[in-house]
Structures are given as C-alpha cells and as structure tokens.
2 protein chains.
Amino acid sequence: MKIQELRATPIAVSDPPLLNAAGLHAPYALRIIVELVTDRGIYGLGEIPGSSAALAAYDAIRDVVVGRDPYQRTAIRRAIEERLAGSAPDPKALYAARQLALRVHSGIDVALFDIIGKDSGRPVVDILGGRVRDRVDFAAYLFYKYEGSGGEFGFERDQAAAGWEKDLQAAALDPAGLVAQAQAMVKRFGFASLKLKGGVFEPRVETDTMLALRDAFGPSMPLRIDPNALWSLETSIKYGKELEGVLQYFEDPCRGQETMAALRKAIKIPLATNMCTTNFDELPGSIRHGSEDIILSDHHIWGGLQASMDLSRVCRTFGRKLSMHSNSHVGISFAAMIHLAGALDELAYEADTHYPWQREEVIVGGKIKIEDGAVEVPREPGLGVELDREALARLHANYLRCGIEDRDDEIEMQKKVPGWKFQATRW
Amino acid sequence: MKIQELRATPIAVSDPPLLNAAGLHAPYALRIIVELVTDRGIYGLGEIPGSSAALAAYDAIRDVVVGRDPYQRTAIRRAIEERLAGSAPDPKALYAARQLALRVHSGIDVALFDIIGKDSGRPVVDILGGRVRDRVDFAAYLFYKYEGSGGEFGFERDQAAAGWEKDLQAAALDPAGLVAQAQAMVKRFGFASLKLKGGVFEPRVETDTMLALRDAFGPSMPLRIDPNALWSLETSIKYGKELEGVLQYFEDPCRGQETMAALRKAIKIPLATNMCTTNFDELPGSIRHGSEDIILSDHHIWGGLQASMDLSRVCRTFGRKLSMHSNSHVGISFAAMIHLAGALDELAYEADTHYPWQREEVIVGGKIKIEDGAVEVPREPGLGVELDREALARLHANYLRCGIEDRDDEIEMQKKVPGWKFQATRW
C-alpha cells in the first residue's frame, strides 16, 4: 500500500467571541483538514490548528510523505522532522521549527492511524493497544465571553438558533454569567466536571467565579481553572490557598517550570500544565524541578497519537497523572481524541474539549453527540468518521472569505478594547 | 476474533558449559513456548525464559487471557498484572511478583503482535510503527567456558559436529582461548562487534582478555565487557581507567544505581546496564542518579514489545542510548528481537544474542541465518516464523528428561568447583 496524495485544506469554522489570556477569539477558528489518499482506495483523515506556516509546511513535506507505505509511521515521522526541523539558523528558530513539525506531523499521524485501522478493519483505538474504556468523559469548557455567536454573526445573535446554540450566544462577563453558561452547558451535554478558561479578569473576579460555581453545583462537581500562566507566583499562592478544597486541579496559574515547582510546594492543589511542560524535550526539566502533578496531553502539540501514548508511559513511570487539553476543533480531531482517550492506560480526569463551541462540522452526519458528558469510543474501522465534501468546500470558502490566515487573539481583542496588549504576567 | 486457547510448553535446549558471574550454565537452557490460538485459525507465538514459577503463572492467567480479542493488548496486560501481582504480602514479594508478571506477559505480548501481524498481513515490525532498518546488527557474545557442547554431551565433545558447532566445544579459560573463540565466531557469523561475559575470573585476567581481543582484532572492532556487577566501585575505576579507549561501553561492572553513577563520574567510558535499571519502576532513580549512558532493553524483562518501544521513547527523552540484552533463546524470541530492533527508533549498538550457542530450534526451517553479523528483518506477516511441532515435542521431551525445572548456575558450578558460592561483589 502506498500514499498517493496528501491534501491539506484550510477551513474556518464559526467561533464565538471567547475571552482568554491572549485576547479574544476571532469570529472564525482555523483548522487544516489533512487527507492521505492511498493506492488501495483507502483514505485517512487528520486535522490540526490552522496557520499559514502549517499550511506551507504540508506543501514542504508532500514529497517525503507521498509514495510511502502508511504503516511506516516512524520513518514518516522522522522524514517530516528532518524536512521541517532538520536545520535552523539558531536555537530559537530550531525550537519553533520543531514545534511546527510536531503539529504538522500530528495531522499526518492521525491520518496514518485512520488508514491502518481501515486496512485492518479495526477502530483506531485497537491499533493503539485496544480500549480500556468504552466511553470518554469530557469536562464543560467554560469561557468568559462577549455576546454573540461568532462567524457571520460576530458579536450579534443568531436569532434562529435554539437550545444550547441559543444559549452559547449569551455574554458571560462575571461570576453570575459564568454560572448561567455552566448550567446551560451541563443541561445540554450532561458534563460532570467544569473547567474555566481564566487569565481574563483580575484574579479576585476569577476566584469568585470558581466559588460561585462551587455554590451553584455543590461539592460533587469537580472544578478547574486555567489562568494561562498570567498570574505571578505570589498571586497564584494567594488565590490558590483560597481555592484549596475547591479545585480538582489548578492549570498553569503561573509561568515556567521553576515557578510552578515553587507554587506546588506552597499550596495543596494538584497542578496541571499545558504550558510549562509541552513536549518531550521539556520533560527532563519537569521531572528535575517537580513542576506539576498532571500533564495535559494534546496529540496536536505532542506530535500525534503514538507520541501521546508514549507520553502516557512517561507519566506513569514518573508519577505524573494525565489529562487532555483542547483547542477549537471539529469532528476529525474530536474522533482522534476519543480513540486516544479510549486507549490511554491511565487517563485520570475528564478531558477538555472546545467542541460545544463549534457549530459547524466537516464530517458526514454532523456533530458527534456528547451525552451524559461523554462520548462512546467508536467501533467502526479507522477513526469512524467520513469527510463531508460539501461541508469541507463550504468551510474552505469561509476560510477564503474571512481573510484570517493566522490566529491573533490580541488584534481581535483590540476591536473591543482599543490598545489592549498581551502581558506574559498580568497579575 | 477471540483467543480460544493458551498453551505454554516448557522446553530444554542444549546449552554449552558457559561461565558467568552466577556460576555455570547447565547442559540445558530452559524456555517456555507460548501459543495463543484464535477462533479465526490464526495462532500467535511467544517465548520466554523457563522456570517453574513462569510455567505455573501461565496456568494462573489462562482464564483472563482466553476469550479476549487479541487487539486488546493493554487490557490483557492489565489483567495479567492484576492476576499475578495484584496483591502480595510484602514489598519483596510484590517486587518478585511484578518481575514475574512482566516476563510472563512478554510471551503473551509477542504472541498478540504475531496474531495482529498475521491478521493485518503485516510483519510485526510494521505493527510496531514500521521498519527504520532492514537489517539488525548483532554482537558476538563471548563466554569463558569449559570444554563441551552441553546437552546430552555435557562436558564432552560431539565428535560429529562441524564448523562453528565444532568450534563452540572448545574450552576458553584464558585470554588466548577467548581470542580463538572470537575468531571462530566472527569467521562463522561475520560479527563486527564483540561482547565478553565477564565476572568469571579476576579482573586482571578479564582486562587482559579485552586487551588481547583489541590486539587480535584491531581498533575498528568495538569491544564490550559485562562483569555482571561483581566488581567493587574501586575495582571498576581501576580497570575502567585501563580500558578507556578500548571499550565501546562498559556493562554493569558494579552493583546499584548509586555505585554506577559514581563510576560514571570517574571514568571516560559509557556505562550500560541490564542490572541497575531493569524496569520502569527503576527509571526515576536512574534519571535522578545519572546511573548509566545506555540501557539494555530486553523485551522479556521489560514486559514485551510495546514496553520496549516505550522504553526507547524514555531513553530518547532523557538522553539515554539503547542497546539490547539477551539470554539463551531459540528462534521465536530471536524473531521478536529482530522485529523490535527493526522498529526501534534509536538503537545505537549491535544487539546481544546468545543464539549462536543454541544448536536446536523449534521453528520450521531450523535456525535463522546470521550473515555479516546481521539478520534481515522479515517481511512475512507476523513474526514470520512457524512452530515445528516435531521439534517442540522433542525439546519438551528434553525438558522432561533433563529434570531441570529452574535455572541454577551455582549448583551447576559446584560440579566443577566443589563448594563454589555466588558473591554479589567478588572483587
């Protein structure tokens, strides 16, 4: 079996005006849909965050991927790494090139697993070692947000929307707004765990939001907050102490492995990270410093499904727990996350997903159903999702029309708050 | 697809009187041949070191393996671990139970990969991520030994033997004998790397043996010695300094991670281990102490093929290199080692193998050919080896006849040296 064609199609999906430490989500979130077509009529799908660099990278790796047997996963990874990060003028450029290579490869890796699963008549979860759970639990991913549903509606409301799609248009700019958002999301999807994207308002407001969620949902609902490393060590200790007994875990309150390690000694809440330890090169520092208790895997960032399985083994070996990170995504990445979570030996927490915030899909049958906060691990061969080519064309047209080629939450934020600037440590 | 039957057949293969730190190899080496039979007519093969405990363990796990789908590798591993090491009266018993579970599981894991490969029409190397090399290089595994060929001949010579089988009968009890053994082995198999099993004679003799090998083969032949941790730190430093520039690496000269770490700071030879860091539980200590440069993987010890791939990732992450350890074995384990080595991303050295010392086989077609010191990675589905049931019956009869149920090199040694006792640190 040989790969005959590599297609990388940029798409833009409507994304509501969600606030975060970097600013504000633009009306469209960018993704790249990867297709690998083989000479046996089997094709594999992948999906990664969209950017002009990633799009160019797929062009740059086409000739080292096409012509290969899809089972040669390691050789394909090495060829991609060599092509994209084999040389660089300086360490900073090398770091950036390696990060890009991991992301670009992750889309290929998922497509290879999709092909191998289809070729074997097996779901991807079985290619990864088999299912250790039949259902994957997700957390409600809560955001402070402006009113509006994004996409063509921007900060306006889509008057035709109903149910959660109507509810998601509401502004949520204070504790009461966040509680209402959480209630709507829990009502619709049955989530049994809540995560707040913080780093938006001053820590007092965000801490009060967590306390309001605790009051509204009671002590049995696990709560997490992720200030995206915008808090100083001192601030993290101060509010962390207040949130002891409230939080299930505290995600990236402050920046850097050494700072996180210092915080870890000062408060009694498990620390999680998707920012201080984000790749295999950073793991030795994490172990040396003792930076965190929980690593948030993300197959897009760590370099694919196999790399995420490898990360799980490292976590098990060194006493770290595993949870799962997410960015805005559609159904191909969601399916990949579900298969991966189905196979991960020790996934200790409900996984993150932005999925409820995206209203559009590229897969046949529309959005994957989340029920009781969980999704069943598919039993169909491969990822178990097929590409809806009409939807792909429509979302690609969105991409061309919206004119966004790279995510820049700072520029988007400036539309609401003129002069707004990102700060690495704000409070 | 379901596993219908688990068979574990103990066999005994002739083994020459090889000397090592634990004493002397008995005339027969014990192995257990594992067969998993599925309801689709596909069967999978595995092989592990033989012992009465392992044999009993296969009986103990039969009901948690039979009935399962062979793709459910992780769940099967967990069920075996739970059954064999789920509880233990004290930490020492737990450690022993976990070590046994890893070994027993490794035979099952190899058989599962064999089945999955056959089911997919793919060699096992492809199920592990694909081949990164077409040929696997091995090192000549040199032993001090008494005259004789083992098996029914014991310390006698098999007068009908020819070629290497004749040569292997020679005694090798001093540097000149070892050089002659190495020359015969290199002539027959084309090995381009030499490893001496040390820990037998006093360090002066073993060091002189390495210097004699250097003289005989010149500086382009990589050399290693493995005193099996019988040397003190002081002795290891003294002879290590003498062997700087001579050894490719120094395998387990002394005992324990802290001692190895101290040695590592004192001499300029990379340290390798199969004794101070032997499982995932011991990796954090290895990293903390900086015990070694090279970890010798062994899929029987580390818990199977997947675990060995995982170990490779840990090594890559933490700056360890990887080589491969061996015990006396036949063709099923050899095939498994070759597929694994074919898939390992970074295998930095020629792998160990005892294979030339075993004259008997359980696989159809007889012994796998080593040419130019290497073996081609098979392209047939699964392991690419089939069980020769006549040979299996014959070697099982050997097992029943020889009366050896557990390896005990100390007792065997006492036949030659009355009163001989193992010492953990001898020199």
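Residues numbered from 1 in each chain as written. Chains lettered and ligands numbered in written order. Predicted model: local features only at pLDDT ≥ 70, side-chain atom pairs only at ≥ 80, totals over all residues. Heavy atoms only, no water.

### Observations concerning the overall build of chain A
And then number 1: On a plain count of helices and strands, chain A comes out with 15 helices and 14 strands.
And then number 2: Here the C-alpha radius of gyration of chain A, 21 Å, is about what a compact globule of 427 residues would show, namely 22 Å.
And then number 3: The dimensions of chain A, computed from C-alpha atoms along their principal axes, are 60 × 55 × 45 Å.
And then number 4: When burial is assessed residue by residue, chain A has 62% of its 427 residues classed as buried. (Helix = DSSP H or I, 4+ residues; strand = E, 2+ residues; numbered from the N terminus. Rg over C-alpha atoms; globule rule 2.2 N^0.38 Å. Buried < 20%, exposed > 50% of the residue type's maximum accessible area, 1.4 Å probe, protein only.)

### As for the sheet that holds strand S1 (residues 3-14) of chain B
All names here are of chain B.
And then number 1: Pairing is antiparallel in the open sheet, where three strands are placed in the order S1-S4-S5. The open sheet has two free edges, formed respectively by S1 and strand S5 (43-49), since each of these has just one partner strand. Neighbouring strand axes in the sheet, compared pairwise and without regard to direction, differ in orientation by 20° on average.
And then number 2: Here strand S4 (residues 28-38) runs beside S5; their pairing, made up of seven bridges, is antiparallel. Residue Glu35 lies in a different strand from S5, and its bridge partner there is Leu45.
And then number 3: Each of S4 and S5 touches helix H13 (residues 331-343); the most contacted strand, S5, lies at about 100° to it.
And then number 4: Here helix H14 (residues 389-402) sits on the sheet and contacts S1, S4 and S5; the angle it forms with S1, its principal contact strand, is near 60°. (Pairing = 2+ DSSP bridges. Axes fitted to C-alpha atoms, helices over the stretch in contact; angles between N-to-C directions. Contact = heavy atoms within 4.5 Å.)

### Observations regarding the sheet that holds strand S4 (residues 28-38) of chain A
All names here are of chain A.
And then number 1: Taken in spatial order, the three strands make up an open sheet running S1-S4-S5, and their pairing is antiparallel. Unpaired on one side and paired on the other, strand S1 (3-14) and strand S5 (43-49) mark the two borders of the sheet. On average, adjacent strands in this sheet sit at an angle of 20° to one another, irrespective of strand direction.
And then number 2: Note: S1 against S4, 11 bridges, orientation antiparallel. Considered in S4, the bridge of Leu6 is made with Leu36.
And then number 3: Across the sheet, helix H13 (residues 331-343) lies against S4 and S5, angled at about 100° from S5, the strand it touches most.

### Thoughts on the packing of aromatic side chains
And then number 1: Applying the stated criterion to the full structure yields 27 aromatic pairs over all chains.
And then number 2: With 5.0 Å between their ring centres and 45° between their planes, Phe138(A) and Phe334(A) make a pair best called tilted. Highlighted residues: Phe138(A) in the loop between strand S6 (135-137) and strand S7 (140-143) and Phe334(A) in helix H13, separated in sequence by 196 residues. Each of the two residues, Phe138(A) as well as Phe334(A), counts as buried.
And then number 3: Residue Phe334(A) is classed as buried on the basis of its relative accessible area, which comes to 0%.
And then number 4: Joined through ring pairs, the aromatic side chains of Tyr141(A), Phe143(A), Trp164(A), Phe189(A), Phe191(A) and Trp357(A) make up one cluster.
And then number 5: One residue, Arg389(A), lies across the ring of Tyr43(A), its end atom 5.6 Å from the ring centre.
And then number 6: Above the face of the Trp427(B) ring, Arg426(B) is positioned so that its terminal group lies 5.9 Å from the ring centre. (Phe/Tyr/Trp six-rings, centres within 6.5 Å; stacked < 30°, edge-to-face > 60°. Lys NZ or Arg CZ within 6 Å of the ring centre and 35° of its normal.)

### Examining unusual backbone geometry
And then number 1: Despite not being glycine, Asn228(A) shows a phi value in the positive range, around 55°.
And then number 2: Position of Asn228(A) among the secondary structure elements: in the loop between strand S9 (223-226) and helix H8 (233-243).
And then number 3: Using a relative accessible area of 13% as the deciding quantity, one classes Asn228(A) as buried.
And then number 4: Unusually for a residue other than glycine, Ala229(B) sits at a positive phi of about 65°.
And then number 5: Inspection of the secondary structure assignment puts Ala229(B) in the loop between strand S9 (223-226) and helix H8 (233-243).

### Quick notes on the domain arrangement of chain A
Residue and element names in this part refer to chain A.
And then number 1: For chain A, the domain assignment lists domain 1 (3-123 + 390-400) and domain 2 (127-383).
And then number 2: Just the C-alpha atoms count here: the centres of domain 1 and domain 2 sit 23 Å apart.
And then number 3: With 45 residues of domain 1 in contact, the opposing surface of domain 2 contributes 58 residues.
And then number 4: Summed over both partners, the interface of domain 1 with domain 2 buries about 3,900 Å², with 65% contributed by carbon and sulfur atoms.
And then number 5: By the criterion of area lost to domain 2, the three top residues of domain 1 are Pro17, Leu19 and Pro123, representing 18% of everything that side buries.
And then number 6: Between Arg98 and Asp281 there is a salt bridge, and its shortest N-O distance comes to 3.2 Å.
And then number 7: Within the residue set of the side of domain 1 that touches domain 2, elements represented by two or more residues are S1, strand S2 (19-20), S4, S5, helix H3 (91-120) and helix H14 (389-402).
And then number 8: When residues of the side of domain 1 that touches domain 2 are assigned to their parent elements, the largest contribution, 15 residues, is made by H3. (Domains from an automatic or database assignment. Buried area = accessible area lost by both parts, 1.4 Å probe. Salt bridge = Lys/Arg side-chain N within 4 Å of Asp/Glu carboxyl O.)

### Some thoughts on the pattern of salt bridges
And then number 1: Taken as a whole, this structure holds 66 salt bridges over all chains when the rule is applied.
And then number 2: Among the ionic pairs, Asp208(A) bridges to Arg204(A), the shortest N-O distance being 2.8 Å. Of the two residues, Asp208(A) and Arg204(A) both sit in helix H7 (residues 203-217), four residues apart, roughly one turn of that helix.
And then number 3: Overall, the relative accessible area of 30% leaves Asp208(A) in the partly exposed class.
And then number 4: For Arg204(A), a relative accessible area of 28% puts it in the partly exposed group.
And then number 5: When the shortest N-O distance is used, the salt bridge between Lys118(B) and Asp114(B) registers 3.4 Å. You can see Lys118(B) and its partner Asp114(B) sitting in helix H3 (residues 91-120), four residues apart, about one turn around the helix. Judged on exposure class, the residue Lys118(B) and its partner Asp114(B) are both buried.
And then number 6: It is possible to trace a salt-bridge network through shared partners that takes in Lys195(A), Lys197(A), Arg224(A), Asp226(A), Glu251(A), Glu350(A) and Asp352(A).

### What about the confidence of the model for chain A?
Where the model shows low pLDDT, its predicted coordinates should not be examined in detail.
And then number 1: Across chain A, the average pLDDT comes to 97, with 100% of residues at 70 or higher.
And then number 2: Scoring of the predicted complex yields 0.97 for pTM and 0.96 for ipTM. (pLDDT = per-residue confidence, 0-100.)

### Re the interface of chain A and chain B
And then number 1: Contacts between the two partners involve 32 residues from chain A, matched on the other side by 33 residues from chain B.
And then number 2: Among the residues chain A hides against chain B, the three largest losses belong to Tyr71(A), Arg122(A) and Arg313(A). Together they make up 22% of the total.
And then number 3: Seen at the junction of chain A and chain B, the total is eight salt bridges.
And then number 4: The partner of Asp69(A) in a salt bridge is Arg122(B), with the nearest N and O atoms 2.6 Å apart.
And then number 5: At the surface where chain A touches chain B, the tally comes to 16 residue pairs in polar contact (both at pLDDT 80 or more). (Polar contact = N/O pair within 3.5 Å; in protein donor to acceptor, adjacent residues only side chain to side chain.)

### Focus: the packing of helix H12 (residues 305-317) of chain A against helix H12 (residues 305-317) of chain B
And then number 1: Between H12(A) and H12(B), the shortest axis-to-axis distance is 9 Å and the interhelical angle comes to 85°. One finds that H12(A) runs roughly perpendicular with respect to H12(B). Where H12(A) approaches H12(B), its residues Gln306(A), Ala307(A), Asp310(A), Arg313(A) and Val314(A) are matched on the opposing element by Gln306(B), Ala307(B), Asp310(B), Arg313(B) and Val314(B).
And then number 2: Broken down by class, the residue content of the contact of H12(A) with H12(B) amounts to four nonpolar, two polar and four charged. (Parallel < 35°, antiparallel > 145°, perpendicular 65-115°, else oblique. Nonpolar A, V, L, I, M, F, W, Y, C, P; charged D, E, K, R; others polar.)

### Overview of the environment of Thr38(B)
All names here are of chain B.
And then number 1: When you line up the elements, Thr38 lands in strand S4.
And then number 2: In this structure Thr38 comes out as buried when scored by relative accessible area, which is 2%.
And then number 3: In the structure, Thr38 is positioned 30 residues away from Arg68 in sequence and 9.4 Å away in space, judged by C-alpha atoms.
And then number 4: The residues touching Thr38, leaving out its near neighbours within four places in the chain, are Met1, Lys2, Ile3, Gln4, Pro70 and Ile115.

### A closer look at the relation of the copies chain A and chain B
And then number 1: When chain A is fitted to chain B, the best match, at an RMSD of 0.0 Å, comes from turning it 180° and sliding it 0.0 Å along the axis. Here the transformation between the copies is reduced to the relation of a two-fold axis. Across chain A, the smallest distance between a C-alpha and the rotation axis is recorded for Ser120(A), namely 2.7 Å.
And then number 2: In this assembly, 100% of the residues forming the interface of chain A have copies in chain B that are likewise at the interface, indicating an isologous arrangement. (Least-squares fit on C-alpha atoms with pLDDT ≥ 70 in both.)

### A look at the side chain of Asp226(A)
Residue and element names in this part refer to chain A.
And then number 1: Mapping Asp226 onto the fold places it in strand S9.
And then number 2: In this structure Asp226 comes out as buried when scored by relative accessible area, which is 0%.
And then number 3: One polar contact links Asp226 to Lys197, side chain to side chain, over a distance of 2.9 Å.
And then number 4: The contact partners of Asp226, leaving out residues within four places of it in the chain, are Tyr141, Lys195, Leu196, Lys197, Gly198, Gly199, Glu251 and Asp252.

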